[in-house]
Amino acid sequence: MTATGSIEQHRTKQWTLHLQLFEEGGLTTVHAVLDTGDNTLRSRATARRSPNDPDVPEIGDEFAAGRALVDLGHQLLRAGESDTAAFDPGLRS
């Protein structure tokens, strides 16, 4: 019990993230899907290799996946702000 007399509750959730990477020539595209159990967020991002850069596909994977994950992070923050405002319009993040 906490100091206020209520029983502490614990919960565990599992979120699933799927990243699909596609490469064609010097272009890498990533489709990212985050399933939170309550919502599904999707993102698509790309990375293009400059003709002067070495042909190292891993670098394109990293840039495209990183961009997709950053976008998912922004979507999560917006969802939290929206949910907070719906719960109590006077609350701010």
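Before going into details, it helps to say that this report is about the structure given with it. (Residues numbered from 1 in each chain as written. Predicted model: local features only at pLDDT ≥ 70, side-chain atom pairs only at ≥ 80, totals over all residues. Heavy atoms only, no water.)

Considerations on the environment of L17
Turning to step 1, where the next piece is worked out: Its place among the elements puts L17 in strand β1 (residues 16-24).
Turning to step 2, where the next piece is worked out: It is 9.7 Å that separates the C-alpha atoms of L17 and L69, two residues lying 52 residues apart in sequence.
Turning to step 3, where the next piece is worked out: In this view, L17 contacts V33, L34, L69 and L72; residues no more than four positions away in its chain are not counted. (Helix = DSSP H or I, 4+ residues; strand = E, 2+ residues; numbered from the N terminus. Contact = heavy atoms within 4.5 Å.)

Quick notes on the nonpolar core
Turning to step 1, where the next piece is worked out: Counting residues in hydrophobic clusters, the biggest one holds 10 residues: V30, A32, L34, L41, A45, A47, A64, A65, A68 and L72.
Turning to step 2, where the next piece is worked out: Of all elements in the fold, only β2 (27-35), β3 (40-48) and α1 (57-87) reach the threshold of two or more residues within this core.
Turning to step 3, where the next piece is worked out: It is α1 that contributes the most residues to this core, four residues altogether.
Turning to step 4, where the next piece is worked out: In this structure A32 touches H18, L19, L41, R42, S43, A68 and L72, once residues within four positions along its chain are discounted. (Core = buried A, V, L, I, M, F, W, Y, C linked by side-chain atoms within 4.5 Å. Buried < 20%, exposed > 50% of the residue type's maximum accessible area, 1.4 Å probe, protein only.)

Remarks on the pairing of β2
Turning to step 1, where the next piece is worked out: Sheet analysis places β1 next to β2, joined by nine bridges and oriented antiparallel. The residue bridging T16 from the neighbouring strand is D35, located in β2.
Turning to step 2, where the next piece is worked out: Between the end of β1 and the start of β2, which pair antiparallel, lie two residues, with G25 showing a positive phi angle near 60°.
Turning to step 3, where the next piece is worked out: Both β2 and β3 contribute to a ladder of nine bridges, which runs antiparallel. By the bridge assignment, L27 is partnered in β3 with R48.
Turning to step 4, where the next piece is worked out: With antiparallel pairing between neighbouring strands as the criterion, β2 and β3 make up a hairpin whose turn holds four residues, including G37 at a positive phi of roughly 90°. (Pairing = 2+ DSSP bridges.)

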